[in-house]
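# Secondary and tertiary structure notes
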Amino acid sequence: MQVLVIGAGVIGLAVARAAARRGHEVIVAEAAGAIGTGISSRNSEVMHGGMYYPTGSLRARHCVAGRRLLYAFCASHGVPHRKCGKLIVATDAAELDKIEALAAQGRANGVEGLELIGGNAAREMEPELSCIGALHSPETGIVDGHAYMLAMRGDLEDAGGAIAFNTPVTGASRTGGQWSVSFGGSDGGEFEFDAIVNCAGLSAQAVARTIADYPASRVPRQVLAKGNYFGFAGKPAFARLIYPTPMPGGLGVHVTLDLAGRMRFGPDVEWITREHYDVDPARAAIFYARIRTYWPGLPDGSLAPDYAGIRPKLTGPGEPAADFMIDAPAQHGLPGLVQMFGIESPGLTSSLSLAEEVAGYLES
Ligand SMILES: Cc1cc2nc3c(=O)[nH]c(=O)nc-3n(C[C@H](O)[C@H](O)[C@H](O)COP(=O)(O)OP(=O)(O)OC[C@H]3O[C@@H](n4cnc5c(N)ncnc54)[C@H](O)[C@@H]3O)c2cc1C
């Protein structure tokens with residue numbers, strides 16, 4: 001089949017790679033001039049364990065399966081990564097209940113090695129930490145997201161696939177048993193495909209609305225939840241990722257580490273109505289207060305605004321978190337069309353597993 005994948009973020013690249021390795025002719029159309037310039041370059045680069053998501057959900061299933069695939073992929077493709085482990089810390093009795101519930105959910109989701117430990121044991125692992133208990137996830141790690149995407153691009157091209165940059169998809173309609181797709185950009189025009197996978201991230205809903213035969217009523221609401229990061233100027237205080245218990249809309253302002261050993265904090269949750277990436281320095285006050293609940297030693301003046309990313313959510317403040325949404329031919333009835341909506345965290349971790357599921361729908 002001739003397959004068009006829309007978007008060269010981590011999801012589009014993983015889907016394109018999986019489809020090309022199954023023998024399809026794959027073209028990725030990317031509006032920007034390079035891979036991974038969207039959500040995929042504005043995240044925490046954490047390979048999540050998989051304990052946060054309701055058992056049986058797509059997020060739970062693909063996070064656990066995707067993480068295992070991702071570690072294997074990093075090892076076989078020389079992608080820099082580190083299985084550094086993570087502690088989710090409880091600072092009061094209510095939070096102890098929360099980490100116990102997370103441990104139970106994680107075990108039900110198949111997350112390996114989870115262990116509830118006391119405050120002293122946590123401090124033996126991370127002496128700067130203040131907590132009365134913690135959930136240790138030894139399988140959580142960090143990855144160089146850009147190197148991962150470059151390696152997937154290499155696999156895609158080795159399997160005969162190609163990426164067309166500066167080529168936004170502007171519309172599609174079903175004619176004569178095929179998809180006729182229009183493209184903007186200097187090489188624009190109209191081309192035919194057997195199948196289309198919409199992996200346009202923050203533009204997934206906008207792209208879906210340009211697909212003539214896809215009912216507008218199926219396009220889900222999009223809610224933007226910005227996550228701001230603050231960099232830490234100083235020697236990292238922790239060797240592992242340190243997370244508070246989750247907050248509505250996100251996982252809480254946590255300690256993230258990059259592969260160079262730098263420490264930063266975030267992301268918080270800022271509900272926005274327009275895409276923008278400014279980090280308001282005034283938010284530092286909330287960061288200091290939150291971080292000091294588990295790291296009282298955070299020095300004054302050590303945080304500086306860093307970067308921000310936007311979660312493409314399907315539900316808003318006060319509503320239950322939505323699952324990933326994959327709308328495939330079996331659901332909407334249009335052959336060869338797969339739409340992916342709401343692929344927020346843990347999309348990076350889940351990407352290789354999600355890609356296998358989606359590539360399977362192309363053949364059904
Ligand atoms: C703050 C934050 C922190 C996160 N942390 C983690 C984490 O630690 N671990 C984890 O597993 N996940 C994390 N995630 C989630 C993860 O980053 C995303 O799930 C993933 O990057 C989504 O990738 P994507 O390919 O769907 O989107 P994108 O990377 O945005 O790719 C979509 C692409 O589509 C292109 N496009 C748009 N419109 C068109 C069009 N009309 N035609 C052609 N191309 C188009 C865009 O240019 C873009 O390149 C985080 C997300 C956020 C926001």
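Look above for the structure.
Since the structure is predicted, the reported quantities are computational estimates derived from the model, not experimental observations. (Residues numbered from 1 in each chain as written. Predicted model: local features only at pLDDT ≥ 70, side-chain atom pairs only at ≥ 80, totals over all residues. Heavy atoms only, no water.)

Turning next to helix α7 (residues 284–292). Residues A284, F287, Y288 and I291 constitute the buried set of α7. Each buried residue of α7 lies within a common arc of 100° when the element is viewed along its axis, so the set occupies one face. Buried positions along α7 lie against β14 (223–232), β17 (263–266) and β19 (303–313). (Buried < 20%, exposed > 50% of the residue type's maximum accessible area, 1.4 Å probe, protein only. Helix = DSSP H or I, 4+ residues; strand = E, 2+ residues; numbered from the N terminus. Arc of directions from axis to C-beta. Contact = heavy atoms within 4.5 Å.)

Glancing now at the site of the ligand. Taken together, 38 residues are adjacent to the ligand, and E30, S40, V46, I343 and T349 come closest. Bound to the protein, the ligand loses 94% of the 1000 Å² it would expose on its own. Residues that form the shell around the ligand fall into these classes: 18 nonpolar, 15 polar and five charged. (Near = heavy atom within 4 Å. Areas by Shrake-Rupley, 256 points an atom, 1.4 Å probe, with all protein chains shown as cover. Nonpolar A, V, L, I, M, F, W, Y, C, P; charged D, E, K, R; others polar.)

Before going further, it helps to examine the pattern of salt bridges. Under the criterion given, the structure shown has 18 salt bridges. In this structure, R22 engages E356 in a salt bridge whose closest nitrogen and oxygen atoms are separated by 3.0 Å. You can see R22 sitting in the loop between α1 (10–21) and β2 (25–29) and its partner E356 sitting in helix α9 (residues 347–362), a full 334 residues away along the chain. Using a relative accessible area of 37% as the deciding quantity, one classes E356 as partly exposed. Residues joined by salt bridges that share partners form a network here, namely R67, R68, K83, E112 and E139. (Salt bridge = Lys/Arg side-chain N within 4 Å of Asp/Glu carboxyl O.)

Relative placement of two packed helices is described by the angle separating their axes and the distance separating the axes. The N-to-C vectors of helix α2 (residues 58–77) and α9 enclose an angle of 100°; their axes lie 6 Å apart at closest approach. With respect to α9, the element α2 is oriented roughly perpendicular. Here L58, R59, R61, H62, C63, A65, G66, R67, L69, L70 and F73 of α2 come into contact with α9, specifically with L348, T349, S350, L352, S353, L354 and E357. Taken together, the residues of the contact of α2 with α9 break down into nine nonpolar, five polar and four charged. (Axes fitted to C-alpha atoms, helices over the stretch in contact; angles between N-to-C directions. Parallel < 35°, antiparallel > 145°, perpendicular 65-115°, else oblique.)

Bringing the sheet that holds strand β8 (residues 141–143) into the picture now. Across the sheet, three strands lie side by side as β3-β8-β4; this open sheet has antiparallel pairing. Unpaired on one side and paired on the other, β3 (46–47) and β4 (81–82) mark the two borders of the sheet. Pairing of β4 with β8 involves two bridges; the strand directions are antiparallel. Looking across to β8, one finds that H81 is bridged to V143. (Pairing = 2+ DSSP bridges.)

Ranked by size, the top nonpolar core spans 47 residues in total, and within it L129, M263, F265, I291, Y294, W295 and L303 carry the most contacts. In contact with M263, not counting residues within four places along its chain, are G231, F232, P236, A237, F238, V255, T256, L257 and W295. Listed in part, the 45 residues of the second largest apolar core include I35, M47, F324 and M340. (Core = buried A, V, L, I, M, F, W, Y, C linked by side-chain atoms within 4.5 Å.)

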